[in-house]
Amino acid sequence: MRIAICPGSYDPVTNGHINIIERSTQLFDKVIVVVLVNPNKQTAFSREERVDLLKLALQGMPKIEVDTCDGLVAEYAREKGATALVKGLRAMSDFEYEFQMALINKRLNSELETVFITTDINNMFLSSSAVREVARFGGSLSGFVPKVIEPKLYERLAAQAGDAE
């Protein structure tokens, strides 16, 4: 069985993420979407909330599992028997960082390959930080995130914007 890991912070999950995950299922028998914990990042949603949002957004999609990882993704992949990390690319700036991470992960786990999937042209501009900004100010999230999670984003981010005032 060919298992891939789609790691990310997913704060929140966007339609760009969903597109990469869906396309990954065409290449692998099982795709584990892994919410990573980055201690240097302040997130809008807790790890558990991000997992819940992903499960909601990916509901009914076969071959997908959602999980979390506190440590090195290369070690997590080894534990799960995964042979690939799938990373989405929007622009050249994404590639520079992801290429460096691919080399580090390969050094940590020689069995692990990184597969880059370019984002769909309709999602090239999308980022979780942009989505958070739009939601904070009550802008339309239509086409940016799965419809099923829109209300949760507005609720959380509008509340945070109100707390900041």
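All values reported here derive from a predicted model rather than from experimental measurement.

Quick notes on the rules
- Residues numbered from 1 in each chain as written.
- Predicted model: local features only at pLDDT ≥ 70, side-chain atom pairs only at ≥ 80, totals over all residues.
- Heavy atoms only, no water.
- Phe/Tyr/Trp six-rings, centres within 6.5 Å; stacked < 30°, edge-to-face > 60°.
- Helix = DSSP H or I, 4+ residues; strand = E, 2+ residues; numbered from the N terminus.
- Buried < 20%, exposed > 50% of the residue type's maximum accessible area, 1.4 Å probe, protein only.
- Lys, Arg positive; Asp, Glu negative; His and termini not counted.
- Salt bridge = Lys/Arg side-chain N within 4 Å of Asp/Glu carboxyl O.
- Polar contact = N/O pair within 3.5 Å; in protein donor to acceptor, adjacent residues only side chain to side chain.
- Pairing = 2+ DSSP bridges.
- Right-handed = clockwise from strand over helix to strand, strands pointing away.

## Topic: the packing of aromatic side chains
Alright, step 1. Scanning the model with the defined rule gives three aromatic pairs in all.
Alright, step 2. Put simply, the rings of Phe95, Phe99 and Phe116 touch in pairs and so form one group of aromatic residues.

## Observations concerning the side chain of Arg50
Alright, step 1. Secondary-structure assignment places Arg50 in helix α2 (residues 47-57).
Alright, step 2. Here Arg50 sits buried without a salt bridge, and the closest side chain of opposite charge, Asp11, lies 4.4 Å off (N-O distance).
Alright, step 3. At 2.8 Å, the side chain of Arg50 and the backbone oxygen of Ser9 are in polar contact.

## Looking at the pairing of strand β2 (residues 30-36)
Along any regular strand the residues' side chains alternate between the sheet's two faces.
Alright, step 1. For β2, a buried count of five out of seven residues is recorded, marking the element as mostly surrounded by other parts of the structure.
Alright, step 2. Bridge count for strand β1 (residues 3-8) against β2 is six bridges, and the pairing is parallel. Within the sheet, the bridge partner assigned to Pro7 lies in β2 and is Val34.
Alright, step 3. Running through helix α1 (residues 15-24), the crossover from β1 to the neighbouring parallel element β2 is right-handed.
Alright, step 4. Direction of pairing for β2 relative to strand β3 (residues 64-69): parallel, over a ladder of six bridges. In the strand pairing of β3, Val35 is matched with Thr68.
Alright, step 5. The parallel pair β2 and β3 is bridged by α2, and the resulting crossover is right-handed.

## Observations regarding the pattern of salt bridges
Alright, step 1. This model, assessed by the stated rule, comprises eleven salt bridges.
Alright, step 2. Of the charged contacts, one joins Glu98 and Lys87 as a salt bridge, the two residues approaching to 3.6 Å between their closest N and O atoms. On the criterion of sequence distance, the pair formed by Glu98 in helix α4 (residues 92-108) and Lys87 in strand β4 (residues 84-89) is long-range, its members being eleven residues apart.
Alright, step 3. A salt bridge links Lys106 to Glu113, with the shortest nitrogen-to-oxygen separation between them at 2.7 Å.
Alright, step 4. Residue classification places Lys106 among the partly exposed residues on the basis of a relative accessible area of 29%.
Alright, step 5. Given a relative accessible area of 44%, Glu113 falls into the partly exposed group.
Alright, step 6. Counted as one network, the salt bridges with shared partners bring together Arg47, Glu48 and Asp70.

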